[in-house]
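# Per-entry structural report
Letter by letter, the chains look like this.
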Amino acid sequence: MALVVPRSVWKRFSNVSGFVRIWVPLLSPVPNRTVYSCIDPSIGLSDDQKEFQKIAFSFALNEMSPHMAEWDQKEIFPVETMRKAAQLGFGGIYVRPDVGGSGLSRVDTSIIFEALSTGCASTTAYISIHNMCAWMIDTFGSEEQRHMHCPKLCSMEKCASYCLTEPGSGSDAASLITTARRDGDSYVLNGSKAFISGGGDTDLYVLMCRTGDKGPKGISCLLVEKGTPGLSFGKKERKIGWNSQPTRAVIFEDCAVPVSNLIGKEGEGFSIAMNGLNGGRINIASCSLGAAYASILLTQDHLKVRKQFGKPLASSQYLQFKLAEMATGLVAARLMVRNAAAALQEGRQDAVALCAMAKLFATDECFTVPMKLCECLSQGTCSRNNFSAC
């Protein structure tokens with residue numbers, strides 16, 4: 001069960017040594033000018049939001065950032081570190097408190113994921129997927145399912161994976177062909193899912209499968225626990241990055257699960273999946289914000305200390321412009337993400353479109369930030385020894 005962290009604890013963690021390095025806006029490399037006051041992620045937040053943002057930044061700095069490179073290089077799935085995050089309420093951020101969740105809003109969730117991503121975007125992205133799975137069970141599951149699964153998910157005693165994508169259906173999710181045939185008190189599953197985050201290492205799989213005719217209305221949502229006969233996994237994918245979260249195919253061969261594992265009703269799976277992804281888009285966009293914010297701070301530090309032709313790089317107008325472009329993209333993306341998060345929380349009619357727009361814009365803009373960082377860092381940026389700076 002996730003902990004409800006009192007204000008005194010938030011304050012204690014926010015004062016951890018070294019925390020100020022990331023969270024407090026830094027001095028500008030250019031005298032009498034600063035971009036850091038305007039990219040400060042605490043601007044416009046309530047006092048409570050600032051406090052849990054501080055603890056997320058502190059956790060990222062002390063528990064994630066020192067290990068990020070090793071996790072990626074050695075392909076380590078840092079379950080114990082994620083369980084420490086869950087003790088602070090980050091395992092079920094927008095899950096209801098009666099089953100161990102923190103009960104926070106979508107904007108609060110975005111703030112937390114942005115902060116955690118400054119320590120490791122890859123690990124935070126998995127935590128965000130896990131949170132989405134827990135929310136889907138909390139929102140669409142029965143009371144029995146909620147109380148059976150959510151407490152262990154919120155504590156991250158058990159980890160979850162979201163199973164929608166298939167080898168032949170990506171964006172066209174409604175064309176999925178993994179089947180669930182009713183056989184007495186069980187569904188018998190056959191098919192496979194592709195590129196599943198956490199696949200093979202996680203404990204619970206939130207599966208979208210076909211129980212009816214073609215199209216979205218024939219799709220249902222089932223829970224499949226690791227160790228169920230007929231459930232197996234493909235080899236771990238070799239990826240360029242994001243290696244702290246394993247990615248595998250999830251395979252079902254005459255895999256029988258109880259009818260009681262059905263989330264919602266038959267035919268509601270596609271709607272459940274899309275509702276989950278609305279928040280998921282905001283979550284992943286928020287992870288991009290954190291990576292971009294950390295990149296700008298790295299760039300600022302580098303420009304101050306690196307000298308060429310007897311002057312610090314910070315004196316170069318060209319690099320000042322690059323830094324300004326990075327800051328502009330970050331601030332614009334953050335505004336879009338938080339606006340979409342507020343719309344989703346309020347149930348506005350434009351929420352779905354805004355979530356998609358926010359993910360599109362934020363991930364694109366925040367991808368360009370570390371690319372511009374590479375320009376500023378110049379030599380060595382193509383070396384694996386320096387990849388954590390990028």
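Thresholds, definitions, all that
Residues numbered from 1 in each chain as written. Predicted model: local features only at pLDDT ≥ 70, side-chain atom pairs only at ≥ 80, totals over all residues. Heavy atoms only, no water. Helix = DSSP H or I, 4+ residues; strand = E, 2+ residues; numbered from the N terminus. Expected span 1.5 Å × (residues − 1). Bend = angle between axes of the 7 residues up to and from the residue. Buried < 20%, exposed > 50% of the residue type's maximum accessible area, 1.4 Å probe, protein only. Pairing = 2+ DSSP bridges. Salt bridge = Lys/Arg side-chain N within 4 Å of Asp/Glu carboxyl O. Contact = heavy atoms within 4.5 Å. Polar contact = N/O pair within 3.5 Å; in protein donor to acceptor, adjacent residues only side chain to side chain.

## Considering helix 10 (residues 269–305)
For helix 10, which comprises 37 residues, the first-to-last C-alpha distance of 54 Å matches the rise-based estimate of 54 Å (1.5 Å per residue) to within 8%. Of all the bends in helix 10, the largest measures some 25° and sits at asparagine 278. Counting buried residues along helix 10, 26 of its 37 residues qualify, which places the element largely inside the surrounding structure.

## Quick word on the pairing of strand 4 (residues 204–210)
For strand 4, the buried fraction is high: 7 of the 7 residues fall into the buried class. Judged by which residues are buried, strand 4 turns out to be covered on both faces: Leu204, Val206, Met208 and Arg210 on one side and Tyr205, Leu207 and Cys209 on the other are all buried. With 4 bridges joining them, strand 1 (residues 160–163) and strand 4 adopt parallel strand pairing. Across the sheet, residue cysteine 163 finds its bridge partner in strand 4, namely leucine 207. The sheet contact formed by strand 4 and strand 5 (residues 219–225) spans 7 bridges and is antiparallel.

## Looking at unusual backbone geometry
Even without being glycine, methionine 156 reaches a positive phi, approximately 60°. By the secondary structure assignment, methionine 156 is in the loop between helix 9 (143–154) and strand 1. Backbone geometry at aspartate 254 places phi at a positive 50°, although glycine is not the residue there. In this fold, aspartate 254 is placed in strand 7 (residues 247–258).

## What to know about the pattern of salt bridges
Summed over all chains, the structure comprises 15 salt bridges. The salt bridge partner of glutamate 143 is arginine 146, with a shortest N-O separation of 3.0 Å. Note that glutamate 143 and arginine 146 are positioned in helix 9 at a spacing of 3 residues, about one turn of the helix. The buried category is assigned to arginine 146, whose relative accessible area is 1%. Residues joined in a network through salt bridges with shared partners are Arg96, Asp98, Asp138, Glu143 and Arg146.

## Section: the environment of alanine 249
Along the chain, alanine 249 falls in strand 7. Here the alpha-carbon distance between alanine 249 and proline 167, two residues 82 residues apart in the chain, equals 9.0 Å. Look past the residues within four positions of alanine 249 in its chain and what remains in contact with it is Lys193, Ala194, Ser232, Phe233 and Gly234.

## Re the environment of aspartate 72
Tracing the chain through its elements places aspartate 72 in helix 5 (residues 68–74). Classification of aspartate 72 as buried rests on a relative accessible area of 10%. Considering only alpha carbons, one finds aspartate 72 and lysine 239, 167 residues apart in sequence, at a separation of 10.0 Å. At a separation of 3.3 Å, a polar atom in the side chain of aspartate 72 contacts the main-chain amide nitrogen of asparagine 243.

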